[in-house]
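If you want the building blocks of each chain, they are given just below.
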Number of protein chains: 2
Amino acid sequence: MKVNLSSLDTCESSFTPLVVLELAQDVKEETKEWLKNRIVSKKEDGGAQLLFRPLLNKYEKETLENQNLYLVGASKITLLLGAEAIGLVKECNDNTMRAFTYGMRHNFKDFDDDNNDFLTMAECQFIIKHELENLRAREEKMIPGYPQAKLYPGKSLLRRLLTSGIVIQVFPLHDNEALKKLEDSWYTRFSLKYQPLDRIRGYFGETIALYFGFLEYFTVALIPMAVIGLPYYLFVWEDYDKYVIFASFNLIWSTVILEVWKRGCASMTYRWGTLVMKRQFEEPRPGFHGVLGINPVTGREEPLYPSYKRQLRIYLVSLPFVCLCLYFSLYVMMIYFDMEAWALSLHESSGSEWTSILLYVPSIIYAIVIEIMNRLYRYAAEFLTSWENHRLESAYQNHLILKVLVFNFLNCFASLFYIAFVLRDMKLLRQSLATLLITSQILNQIMESLLPYWLQKKHHVQVKRKVQALKADIDATLYEQVVLEKEMGTYLGTFDDYLELFLQFGYVSLFSCVYPLAAAFAVLNNFTEVNSDALKMCRVLKRPFSEPSANIGVWQLAFETMSVISVVTNCALIGMSPQVNALFPESKLDLILIVVAVEHALLALKFILAFAIPDKPRHIQMKLARLEFESLEALKRQPSENIIEEKAPFTKEAKRENQMKLMAQNLKEDSREGNKEEEA
Amino acid sequence: MKVNLSSLDTCESSFTPLVVLELAQDVKEETKEWLKNRIVSKKEDGGAQLLFRPLLNKYEKETLENQNLYLVGASKITLLLGAEAIGLVKECNDNTMRAFTYGMRHNFKDFDDDNNDFLTMAECQFIIKHELENLRAREEKMIPGYPQAKLYPGKSLLRRLLTSGIVIQVFPLHDNEALKKLEDSWYTRFSLKYQPLDRIRGYFGETIALYFGFLEYFTVALIPMAVIGLPYYLFVWEDYDKYVIFASFNLIWSTVILEVWKRGCASMTYRWGTLVMKRQFEEPRPGFHGVLGINPVTGREEPLYPSYKRQLRIYLVSLPFVCLCLYFSLYVMMIYFDMEAWALSLHESSGSEWTSILLYVPSIIYAIVIEIMNRLYRYAAEFLTSWENHRLESAYQNHLILKVLVFNFLNCFASLFYIAFVLRDMKLLRQSLATLLITSQILNQIMESLLPYWLQKKHHVQVKRKVQALKADIDATLYEQVVLEKEMGTYLGTFDDYLELFLQFGYVSLFSCVYPLAAAFAVLNNFTEVNSDALKMCRVLKRPFSEPSANIGVWQLAFETMSVISVVTNCALIGMSPQVNALFPESKLDLILIVVAVEHALLALKFILAFAIPDKPRHIQMKLARLEFESLEALKRQPSENIIEEKAPFTKEAKRENQMKLMAQNLKEDSREGNKEEEA
């Protein structure tokens, strides 16, 4: 019954390929041999214990090009042990969610020794990625054959291979059959139904499934705002009361939907197991470097980096840099408005045709400058966040997102704020808002999905023709698939997708009382956005590695902050509107005081609402409490081993306990290193 | 080596008395006998397994009165098992904090079978209280001898005995020797040093130690504000810039000190073990009632009450009632100001001596009405919170505190707000503030500690004389102590002490820019407050039962809310000051906009600060993460028993696991019910 990690296992010549490794064309044989050895050799020898073979056999290599593509797979037992190592949480037979362990595998739902469906393909690929990334240097001082590629104990090999250009890329393969099924239930047949989030999660992992879940939730949640906003546009309502009602509804509504999302998200991620999966036991991210030491939490050997140094870097370098960039961006905006005014005055004084063209120049220059600044800033932010040397991938992502977010927010909305509160031109504001919202939405969909899809399709046809032209009598399906996928674009994470939603939320809520139609446009856009994003994920881009996550992370905070800011802006806009000002013809003072009071009351209400709505539904809270209770009870019964060793067995009871403990330890070693015994 | 719970054990005639139980004078013998049986009988028979004897033996009873005082104690093993049951956390030999278990007792620091100092006296008394409170009805339909005192399965006996007046009170005894030592290191010798918080915690428990810790911390933290505020008073600075600087400093400072307190508090309660002690596994509070069922988290039998019913009661009854009371309180305040104005106009129109006395009448009436309203409201709040039927004592306390707090805040500060923002009379505001602050502080100290201490001392002398007059040839020390302590006042929890501090914080921060001297008065008051509160705890009141707590609970939120409100009030006050108004002679509008902008910036800064300062120091975070990691690892190795039972032992491995599991189970039963085996 016991599956063995025999040496035969890792040399299997045919296995299901899960991940592709592309080496550079000129990699030395010596290096290839070393890499192969490290990948297939056993855990106790510092290997990853994976399966590994070239895409083409010797005969095929002579016929076809692309000799540097390798396929990586894993035996079932390696995958299961890997699942235990990364702390994957699965459902047990008694419907509780527990961290998977190989020893207890039969207690888990749907587990069967003959069945390969227990782990989803995305999970298998994630495990392989994890194993590859955690291949770390031991005594090697450099990568064999590449003296310039230095290594030190604990350095991630894959990371060094990628930075020295020896490995070009590592990516997971699509599963065409499963992909087809997924597409059919997702977007190819047009119908108004919820997305198959569990399937998306099974294929692409939790992070991406959560993005689509949020996109869907957010769209549905915007519908009431869109419906209420429509008549304002249709009947050109300009009443003071109506605007106030609309804005108040929006502000309360946005708080409620964000709180309710947290609850829905917790339910979903509990079912997926990621809510229970512990963050702090995450392995360090591949880019993390430091002195090799013992992690005080887990007792495992890994690089350590003092957190005060990280704090110093964040507060003394990154923070001032970000502030400087923000200031610079505002400065550029002011120059733009100056240029605009100058062009206008020039046109008015000497109204020739030439000067009427000049009127568009400042806008064009400003748009270009903003785009350049955004890109430069993005690089700088990535460099800085990487230099801050965060231990966890999640911490790295959060810091990067925060940096980029603040800058993007300013770039996007600063000019609108200027128009609204300095120029106080509501017509211009409404116009700019509509233009920005609609053009950005249309451009995004085209640039992000449709254009790449069309290019991708053309490329596909070319490759197919080429492969057929070879007339090789080998089964070219896998070859064709790998060659096609390796040329696809890489999905750079959910960042840009969330950013798009975030800016959309800004357009909808920040100035909602000026342009009630924004919500309707957002809803329309998001209905097609789901489809174009799904198309992008399935057909345009390389399959991304799955990434477990328990919530949308820093984005929750970002959306909440936006909804707080929009309380302030909406109250100010209402206070500035001529209809309201007409109500207080004599005393502007009273007007402002009333507006400020209303704003404070709304903010207080928001905070009370956020406080009163629990973040997790009650049934999830109960299940989490039960898990915690059980683990504490288990700890009571079974303290850490060092305690046992310290204790002299001077009572009958203690002796029996010790005996039990030893048995438990033996048992554990048995199951984890079973093959060792059998070999001996 | 094994200590036994033999039947002899519970009938010991002499033991260290820890807790006193006072019955009513006319309790029937039948009831006494039944109660005694329930208290001393074994756990498996539904008893509390405690030691129990009358204060006086038969001979003494004939000589002395007070035949209804009983002493409760416990054998060492009952206390240790009780410590395990309540989940007490103690330090292990390897310096980690772990939940104590009887089986693993030798792994804990300072544990020795011959040593009685492992549990502090406060912990022992808490355990006894817990055991007494969790004596629950089984088949009994009523308390024997009292048909009107109905019982149902799961009802706490002590609760019913107390509500039917059969048991008058239960209180823990002082330990005169330890108390003397504590006093010497605490307050009797005047010197400027920190309080012995660890000793206070050992004697009075965590909740009270945390109060004194917070009082001390808060006083020290106010010193900078007092020092900076002094010159404003001495040199009569009325500059605009200086006020702004002082107010800004205060606002940022109050955020920082509240955040830093959280960190200090976490360090302290980690050392005391209460930070790790899990709240959600608390047993239900004695007043909690419901249908007996299985708790889904712990799997233990206890009363259950659906949470939606509680929510309905909170939102549909309690919340509207509180709002109504608040409205009523404001209404009374308006009547007071009307009366004041009427009295003033009367005095001005017919300025006789009679009318000048009349000027004081509204204030006196208002003060009396406020006091009456406070008391009535307090009763109503207690009734409502009790009716909401919270499962945990902590939830009950939090809801009660929140209710009372809001009302007290309004009663205390509404008139000041009215003076500041409606009458806009800064002189009157400063005057009222000073009068309120100083008189309330002086009155508090006298009424709370010094007067009761004096009364207490007089009573003490009387009792001593009486006991000596009896000339009983028995050792009267214990008798004297019990009789004295039973007449002492009861400590009603830290609520009033915190409330005093909270209102003080309000006086200091809400109007800090009008009356900078407030902080200095607060510091002076708190230096003596520490001593008078200590005196009150040690000499004036009955010793309270210790109560474990991990933080100051809802008070943290209350203080933080107060500091947010004070940002708003201070900005408004500065904006209204004549000096600032003089800076904007033409445009009030600009002034208000600037003030609002500054206020928003300060609020944003506060939230960013609160977000950026971690709630727990890094070393505590690490230790908690380690504990969590270990307990999850333990859970991985040892899943719940029902899984094991479900699983057929079809592999060699599983068989061995099952064997081990059975051994572990036997072992556990062995140690917990050792006496059962020996009796058989």
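These figures come from a predicted structure and were not determined experimentally. (Residues numbered from 1 in each chain as written. Chains lettered and ligands numbered in written order. Predicted model: local features only at pLDDT ≥ 70, side-chain atom pairs only at ≥ 80, totals over all residues. Heavy atoms only, no water.)

## Considering the overall build of chain A
Defined as follows: In DSSP terms, a helix is any run of H or I states spanning at least four residues, a strand is any run of E spanning at least two, and both are numbered starting from the N terminus. For the exposure calls, accessible area comes from a 1.4 Å probe over protein chains only, and a residue counts as buried if that area is under 20% of its type's maximum, exposed if over 50%, partly exposed in between. In short, Shrake-Rupley with a 1.4 Å probe defines the accessible areas, and a residue's cover is counted only from the protein chains shown.
Scanning chain A from terminus to terminus reveals 24 helices and ten strands. Buried residues in chain A amount to 52% of all 680 residues. For chain A, the exposed area adds up to about 32400 Å²; of that, 62% sits on carbon and sulfur atoms.

## Description of the confidence of the model for chain A
Residues and elements named next belong to chain A. The condition is simple: One number per residue, pLDDT, summarises how confident the predictor is, and it ranges from 0 to 100. Between two residues, a contact is recorded if the distance between any of their heavy atoms is within 4.5 Å.
When the pLDDT values of chain A are averaged, the result is 81; 86% of them are 70 or greater. A low-confidence stretch, residues 1-11 stays under pLDDT 50, and its non-local contacts, those more than four residues away or across chains, total 26 contacts. With pLDDT under 50 throughout, residues 639-680 is counted as low confidence; its partners more than four residues away or in other chains account for 68 contacts. Scored as a whole, the predicted complex attains pTM 0.81, and scored at its interfaces, ipTM 0.77.

## Re the sheet that holds strand S3 (residues 69-73) of chain B
Residues and elements named next belong to chain B. We count it as follows: Strand pairing requires that DSSP identify at least two bridges connecting the strands. Only the contacting stretch of a helix is used when fitting its axis, a line to C-alpha atoms as for every element, and angles between N-to-C directions run 0 to 180 degrees.
What the four strands build is an open sheet, ordered S2-S3-S1-S8; its pairing is antiparallel. This sheet does not close on itself; its edge strands, each paired only once, are strand S2 (51-54) and strand S8 (167-172). Within the sheet, the average angular offset between the axes of one strand and its neighbour, ignoring direction, is 20°. The sheet contacts of helix H1 (residues 29-40) involve strand S1 (19-23), S2, S3 and S8, and relative to S1 the element is tilted by about 160°.

## Quick word on the packing of helix H3 (residues 76-85) of chain A against helix H4 (residues 121-133) of chain A
Residues and elements named next belong to chain A. The cut-off we apply is this: Roughly parallel means an angle under 35 degrees; roughly antiparallel means over 145; roughly perpendicular covers 65 to 115; every other angle is labelled oblique. Polar here means any residue outside two lists: the nonpolar Ala, Val, Leu, Ile, Met, Phe, Trp, Tyr, Cys and Pro, and the charged Asp, Glu, Lys and Arg; Gly therefore counts as polar.
Where H3 contacts H4, the two axes come as close as 9 Å, and the packing angle between them is 75°. What the angle tells us is that H3 and H4 run roughly perpendicular. For the pair H3 and H4, contact is made by Leu79, Gly82 and Ala83 and by Cys124, Ile127, Ile128 and Glu131, respectively. Among the residues making up the contact of H3 with H4, the classes are represented as five nonpolar, one polar and one charged.

## Section: the nonpolar core
How we decide: Here, nonpolar core refers to any group of buried Ala, Val, Leu, Ile, Met, Phe, Trp, Tyr and Cys residues whose side-chain atoms link them within 4.5 Å.
In terms of nonpolar packing, the biggest core is built from 104 residues, with Trp186(A), Phe502(A) and Trp555(A) touching the most fellow members. Beyond its immediate stretch of four places on either side in the chain, Phe502(A) contacts Leu405(A), Phe409(A), Trp555(A), Ala558(A), Phe559(A) and Met562(A). Core analysis: the next-biggest nonpolar cluster, separate from the first, contains 103 residues, Tyr203(B), Ala247(B), Tyr507(B) and Ala522(B) among them.

## Some details on the UniProt feature "transmembrane region" (unreviewed entry) in chain A
Residues and elements named next belong to chain A. Convention followed: UniProt positions are given in the numbering used here, feature names are shortened, and annotations may be inferred rather than shown by experiment.
Taken from the UniProt record, the annotation "transmembrane region" (unreviewed entry) applies to residues 208-237, 243-261, 314-337, 357-377, 400-421, 501-524 and 591-613. Regarding residues 243-261, the helix share stands at 100% and the strand share at 0%, and the terminal C-alpha atoms are separated by 27 Å. Segment residues 591-613 splits into 96% helix and 0% strand. End C-alpha atoms: 33 Å apart.

## Examining the packing of aromatic side chains
Rules: Each Phe, Tyr or Trp ring (for Trp, its six-membered ring) is paired with any other whose centre lies within 6.5 Å, and the angle between the two planes then decides the class: stacked below 30 degrees, edge-to-face above 60, tilted in between. Consider the ring centre and the ring normal. A charge sits over the ring if Lys NZ or Arg CZ is within 6 Å of that centre and within 35 degrees of that normal.
A full pass over the atoms with the stated rule returns 70 aromatic pairs over all chains. A centroid spacing of 5.2 Å and a plane angle of 65° characterise the contact between Tyr211(A) and Phe212(A), whose relative ring orientation is edge-to-face. Among the residues examined, Tyr211(A) registers a relative accessible area of 1% and is labelled buried. With centroids separated by 5.6 Å and ring planes inclined at 70°, the aromatic side chains of Phe218(B) and Phe505(B) adopt a geometry described as edge-to-face. One end of the pair, Phe218(B), is in helix H8 (residues 206-234); the other, Phe505(B), is in helix H16 (residues 495-510), with 287 residues separating them in the sequence. Residue classification places Phe505(B) among the buried residues on the basis of a relative accessible area of 1%. Lying over the aromatic face of Tyr146(A), Lys28(A) brings its terminal NZ or CZ to 5.0 Å of the ring centre. Just above the ring of Phe118(A) sits the side chain of Lys90(A); from NZ or CZ to the centre is 5.1 Å.

## Considerations on the sheet that holds strand S2 (residues 51-54) of chain A
Residue and element names in this part refer to chain A. Taken in spatial order, the four strands make up an open sheet running S2-S3-S1-S8, and their pairing is antiparallel. At either end of the open sheet lies a strand with only one pairing partner, and these are S2 and strand S8 (167-172). For this sheet the average axis-to-axis angle between neighbouring strands, irrespective of direction, equals 20°. For strand S1 (residues 19-23) and strand S3 (residues 69-73), the ladder comprises four bridges, and the chain directions are antiparallel. Opposite Val20, over in S3, you have Leu71 as the bridge partner. Packing of helix H1 (residues 29-40) onto the sheet brings it into contact with S1, S2 and S3, and relative to S1 it is tilted by some 160°. Across the sheet, helix H15 (residues 477-487) touches S1, S2, S3 and S8, and the angle it forms with S8 is around 115°.

## So, the packing of helix H10 (residues 307-349) of chain B against helix H12 (residues 361-387) of chain B
Between two packed helices, what matters for the description is the angle formed by their axes and the separation of those axes. Residues and elements named next belong to chain B. With their axes 11 Å apart at the nearest point, H10 and H12 run at an angle of 180° to one another. It follows that H10 is roughly antiparallel to H12 by the angle criterion. Of the residues assigned to the contact of H10 with H12, the class counts are 19 nonpolar, three polar and two charged.

## Some words on a nonpolar patch on the surface
Residue and element names in this part refer to chain A. For clarity, the cut-off: A patch is a set of surface residues, each over 30% in relative accessible area and not in a salt bridge, joined within 9 Å for like charges and within 5 Å for the nonpolar side chains Val, Leu, Ile, Met, Phe, Trp and Tyr. Salt bridges, as used here, are contacts in which a Lys or Arg side-chain nitrogen is within 4 Å of a carboxyl oxygen on Asp or Glu.
Among the surface-exposed residues, Tyr308, Leu312, Tyr315, Leu316, Val317, Leu319, Phe383 and Trp387 lie close enough to one another that they form a single nonpolar patch of about 820 Å² accessible area. Of all the secondary structure elements, the ones that give two or more residues to the nonpolar patch are helix H10 (307-349) and helix H12 (361-387). When residues of the nonpolar patch are assigned to their parent elements, the largest contribution, six residues, is made by H10. Residue placement: Val317 occurs in helix H10. Residue class for Val317 comes out partly exposed when judged on its relative accessible area of 35%.

## With respect to the pattern of salt bridges
Pairing between side chains of opposite charge can happen when their charged atoms approach one another. The full count for this structure, using the stated rule, is 48 salt bridges over all chains. In this structure, Lys90(B) and Glu123(B) form a salt bridge, with 3.1 Å as the shortest nitrogen-oxygen distance. Here Lys90(B), found in strand S4 (residues 89-91), pairs with Glu123(B), found in helix H4 (residues 121-133); they are 33 residues apart in sequence, far enough to count as distant. For the pair formed by Lys90(B) and Glu123(B), the shared burial category is buried. Sharing partners across several salt bridges, the network here consists of Lys90(A), Glu123(A), Arg201(A) and Glu206(A).

## Concerning the environment of Thr207(A)
All names here are of chain A. Inclusion rule: Polar contacts here mean pairs of N or O atoms no more than 3.5 Å apart (in protein, one a potential hydrogen donor and the other a potential acceptor; neighbouring residues in sequence count only if both atoms are side-chain atoms).
Secondary-structure assignment places Thr207 in helix H8 (residues 206-234). Sequence separation of Thr207 and Ser546 is 339 residues, and the distance between their C-alpha atoms is 7.2 Å. Residue contacts for Thr207: discarding those within four places in its chain leaves Thr494, Tyr498, Glu547, Pro548 and Ser549. At 2.5 Å, the side chain of Thr207 forms a polar contact with the backbone oxygen of Glu547.

## Description of the pairing of S8(B)
Residue and element names in this part refer to chain B. Of all six residues in S8, five are buried; the element is thus mostly enclosed. As defined by bridge partners, S1 adjoins S8 across five bridges and the pair is classed as antiparallel. Paired with Val20 across the strands is Phe171, a residue of S8.

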